[in-house]
Amino acid sequence: MKNKRIFGGLALALAGMTALAACSSSGSSSSSTPSSSSSASAVKSGGTFTYAIDQDVAGFNILQATDSEFVLQEILNQTWPSAYVPTNTLHLQLDTNYVTSATVTSSSPQTIVYQINPKAVWSDGVPINADDFIYNWQAQSGNPKFTDVGGKAFEPASTAGYSLIKSVTSSNGGKTATVVFSSPFGDWQSLFGPMIPAHIAEKVGFNNGFQTFNAAVKVSGGPFEIQSYTQGQDIVEVRNSKWWGTPPPLDKLVFRIFADDNQIPPALQNSEVNGANPAQASLQFKDAIASVPNLTTSIIPGLEFQHMDFNQANPYLAKLDVRQAIAYGTNRADMVNRIVGPITSAVKPLNNRIYMPNQPQYTDTSGGLGDFNPTKAKQLLTASGMTMGSDGYFHPSTGPEAGKDLTFSISTTSGEPVRSEIEQLFQSYMKNIGVKINIQNYSPNTLFGTVGPKSEFDIIEFAWVSTPFPSGNISIYCSYTNSSLCGQNWDHYANSQVDTLLNQAASSLDPATAAGLYNQADALLWKDMVTLPLFQQPQLYTWNSTYGNVLPNPSNLGLTWNAQTWGLKAT
């Protein structure tokens, strides 16, 4: 993930604009192929666009728990089908290349009927049909009666919504899929996007069949297909000869892999790459590309935020007083001024995990628990049974660090200047309140493939990228004891009241009611200090101006969401 994790692992997965959905809770959706708010540019046929990505992929199944990364979403935007697509304006559009209509035919039980485009076909000639809907539901349902190859449990990134489906049935020769829910799901448009090819996955396996580059990975249901992958170097996509829609102007999309963002500006200068969306927008990167000719650069707020997670399996972080002390001791305003201020003045300390400030549902749910108050931080550490040592650090009276400096490690992805600065500032803030911080960083694949999922950290810092669907948050914050549904809860956090609120919100078909419930849940997450939101991450997009129809998308789809329309400008 672009050194970023995707909420819920959904291709349409990231955080909360159902009020802007293109279809209502009853009747038929408004149908259109994904487009933009801007008129299309005239472009020529042919050519290659080389796009810089700042990490290699962990695997090729975006729906699988360890592969749910932003960079993979950018790659799969043009190869795996999605029923609905959030556009660059965060409105949802039905992609009629795949589904000609999606109609709510009943509210009790909630029933959605999908009419699949009769022309839709996988690149190996197998029709895209209701079997794909059935398999994608079962693999992500969290229901133990459905198993992967060899009888193993499926390992989806998220079960949000899919766990509420009672049945998916096929009719009309496989070109109609009828979805019936056991309980209502307000974010139903987040489902079935993207979709893994069922006829391939059921043979090679959902969990492991797409972990390395092989024939299965090449099967596409989009305008492009993956032709080749060279580890650590690039991924090449070419036109899908079986594509039934409007042919993409470009011959190739090349994803060039870079070890860190600092290598990208010279590549833009030398025309080795034609566009980029660095993991972290920074003044350093902005200044480095300022003199590169023929670049268009856009900086906008994204559905993404930097945050720190606290692993409650650590005996000291299990104490609420300690977690709250860390929050009170962290000067988020100073962090924002130093890191984001030189780029934009629009970003402030973030006081909500579920919604971003550019979403209408955003409200400050922090209750002051994110305020900077080092005096209160020290009081809380004292209240937790610790005493200040002569060296300026608190000493626990019990546990593995009894009589020693209270010490935690913080981990993030190596090679990221912004995250490195966050860590260093955090280290200095914590020293000020008597907490020792050691920095231990990892490669993105290790951090997100092992350290995070196996909870092998004390404090971990990274970015969540949201979709316009707040239900994607459920797998992060619902009780970790429910491992089949809450697989992205790495923090050993559990609160039944939060579970209830999140489930009630997901089941609400009224967007305003749902938003209120999600915000109530977030207020509890603040009180429990599960994670500390830092700031909304501004997104920097840059591309060569000789290409047309390039439109930044602040959702989890990123810049390549409409790459099927990109091309060299005709004039």
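In what follows, the accompanying structure is described.

The rules behind the values
Residues numbered from 1 in each chain as written. Predicted model: local features only at pLDDT ≥ 70, side-chain atom pairs only at ≥ 80, totals over all residues. Heavy atoms only, no water. Salt bridge = Lys/Arg side-chain N within 4 Å of Asp/Glu carboxyl O. Helix = DSSP H or I, 4+ residues; strand = E, 2+ residues; numbered from the N terminus. Buried < 20%, exposed > 50% of the residue type's maximum accessible area, 1.4 Å probe, protein only. Contact = heavy atoms within 4.5 Å. Core = buried A, V, L, I, M, F, W, Y, C linked by side-chain atoms within 4.5 Å. Polar contact = N/O pair within 3.5 Å; in protein donor to acceptor, adjacent residues only side chain to side chain. Expected span 1.5 Å × (residues − 1). Axes fitted to C-alpha atoms, helices over the stretch in contact; angles between N-to-C directions. Parallel < 35°, antiparallel > 145°, perpendicular 65-115°, else oblique. Left-handed = near helix turned anticlockwise from the far one by under 90°. Nonpolar A, V, L, I, M, F, W, Y, C, P; charged D, E, K, R; others polar. Disulfide = S-S within 2.5 Å. Pairing = 2+ DSSP bridges. Arc of directions from axis to C-beta. 1 Å grid on protein atoms, 1.4 Å probe; cavity = no way out; pocket = protein on both sides within 12 Å on 5 of 7 lines; lining within 4 Å. Points joined across faces, edges and corners; volume = space filled by probe spheres on them.

**Topic: the pattern of salt bridges**
1) Next: In total, this model carries five salt bridges according to the counting rule given.
2) Next: Between Asp251 and Arg239 there is a salt bridge whose closest N-O contact spans 3.4 Å. With Asp251 in the loop between strand E11 (234–239) and strand E12 (252–257) and Arg239 in strand E11, this residue pair connects regions lying twelve residues apart in the sequence.
3) Next: Assessed through its relative accessible area of 35%, Asp251 is described here as partly exposed.

**As for the environment of Phe255**
1) Next: Structurally, Phe255 is set in strand E12.
2) Next: What Phe255 contacts, discounting residues up to four positions off in sequence, is Tyr51, Ile53, Glu74, Ile75, Gln233, Asp234, Ile235, Glu237 and Thr560.

**Considering the nonpolar core**
1) Next: One finds Tyr114 and Phe192 to be the most contacted residues of the largest nonpolar core, which totals 107 residues.
2) Next: With residues near it in sequence (within four places) discarded, Tyr114 still touches Ala83, Val99, Ser101, Ala102, Phe133, Lys175, Thr176, Ala177, Val179, Trp188 and Phe192.
3) Next: Val322, Met335, Leu381 and Ile437 belong to the second-largest nonpolar core, a separate cluster that totals 38 residues.

**Points about the environment of Asn351**
1) Next: Counting through the fold element by element, Asn351 comes out in the loop between helix H8 (332–339) and helix H9 (374–383).
2) Next: Accessibility expressed as a relative area gives 14% for Asn351, which makes it buried.
3) Next: Taking C-alpha positions, Asn351 is 8.9 Å from Trp526, a pair spaced 175 residues apart along the chain.
4) Next: When sequence neighbours within four positions are dropped, the list of residues in contact with Asn351 reads Arg332, Tyr362, Thr363, Asp364, Thr365, Ser366, Asp522 and Trp526.
5) Next: Polar contacts involving the side chain of Asn351 include one to the side chain of Asp364, which spans 3.3 Å.

**Topic: helix H14 (residues 511–528)**
Given 3.6 residues per turn, any residue in an α-helix points the same way as the ones three and four places further on.
1) Next: In a regular helix each residue adds 1.5 Å, so 18 residues correspond to 26 Å; H14 covers 26 Å between its end C-alpha atoms and thus fits that length.
2) Next: Buried within H14 are the following residues: Ala514, Ala515, Leu517, Tyr518, Asn519, Ala521, Asp522, Leu524, Leu525, Trp526 and Asp528.
3) Next: Looking at the buried residues of H14, the elements they touch are helix H7 (320–329), H8, helix H12 (474–477), helix H13 (496–507) and strand E20 (531–544).
4) Next: Met529 sits one or two positions beyond H14 and adopts a positive phi of about 45°.

**Digging into the packing of H7 against helix H10 (residues 417–433)**
1) Next: In contact at an axis separation of 9 Å, H7 and H10 are set at 115° when each is read in the N-to-C sense. Classified by the angle their axes make, H7 and H10 are roughly perpendicular. In this structure, H7 crosses over H10, and the sense of that crossing is right-handed. Residue-level inspection shows Ala325, Ile326 and Gly329 of H7 in contact with H10, the latter providing Phe426, Tyr429, Met430 and Ile433.
2) Next: In terms of residue class, the contact of H7 with H10 is built from six nonpolar, one polar and no charged.

**Remarks on the packing of H8 against H10**
1) Next: Packing of H8 against H10 leaves a shortest axis separation of 11 Å and a crossing angle of 145°. In this structure, H8 crosses over H10, and the sense of that crossing is right-handed. Counting all contacts with H8, which are made through Asp334, Met335, Arg338 and Ile339, the residues of H10 involved are Val418, Glu421, Ile422, Leu425 and Tyr429.
2) Next: Looking at the contact of H8 with H10 residue by residue, the classes come out as six nonpolar, no polar and three charged.

**Describing the state of the cysteines**
Put plainly, a disulfide is one covalent bond tying together the sulfur atoms of two cysteines.
1) Next: Summed over all chains, the structure comprises one disulfide.
2) Next: The side chain of Cys478 participates in a disulfide bridge whose partner is Cys486; the two sulfur atoms lie 1.8 Å from each other. Judged by the sign of its S-S torsion, about -125°, the bond between Cys478 and Cys486 is left-handed. For the pair Cys478 and Cys486, a shared accessibility class is recorded, and that class is buried.

**Some details on the pairing of strand E8 (residues 165–171)**
1) Next: The pairing of E8 with strand E9 (residues 176–181) spans six bridges and is antiparallel. Across the sheet, residue Ser167 finds its bridge partner in E9, namely Val180.
2) Next: Linking E8 back to E9 in an antiparallel pair, the connection comprises four residues, with Asn172 at a positive phi of about 55°.

**Details of H9**
1) Next: Those residues of H9 that sit buried are Ala377, Leu380 and Leu381. The buried residues of H9 occupy an angular sector of 100° when the element is viewed end-on, so they sit on one face. Exposed and facing more than 90 degrees away from the buried side of H9 are Thr375 and Ala383.
2) Next: Buried residues belonging to H9 abut H7, strand E15 (386–388), strand E16 (394–396) and H10.
3) Next: Gly385 sits one or two residues past H9 and shows a positive phi near 100°.

**What about empty space enclosed by the protein?**
1) Next: Counted according to the given criterion, the structure contains one cavity of 30 Å³ or more.
2) Next: Taken as a whole, the largest cavity spans an internal volume of roughly 50 Å³.
3) Next: Lining of the largest cavity is provided by Asp261, Asn262, Gln280, Ser282, Gln284, Phe285, Glu416, Pro417 and Val418.
4) Next: Among the residues making up the lining of the largest cavity, the classes are represented as three nonpolar, four polar and two charged.

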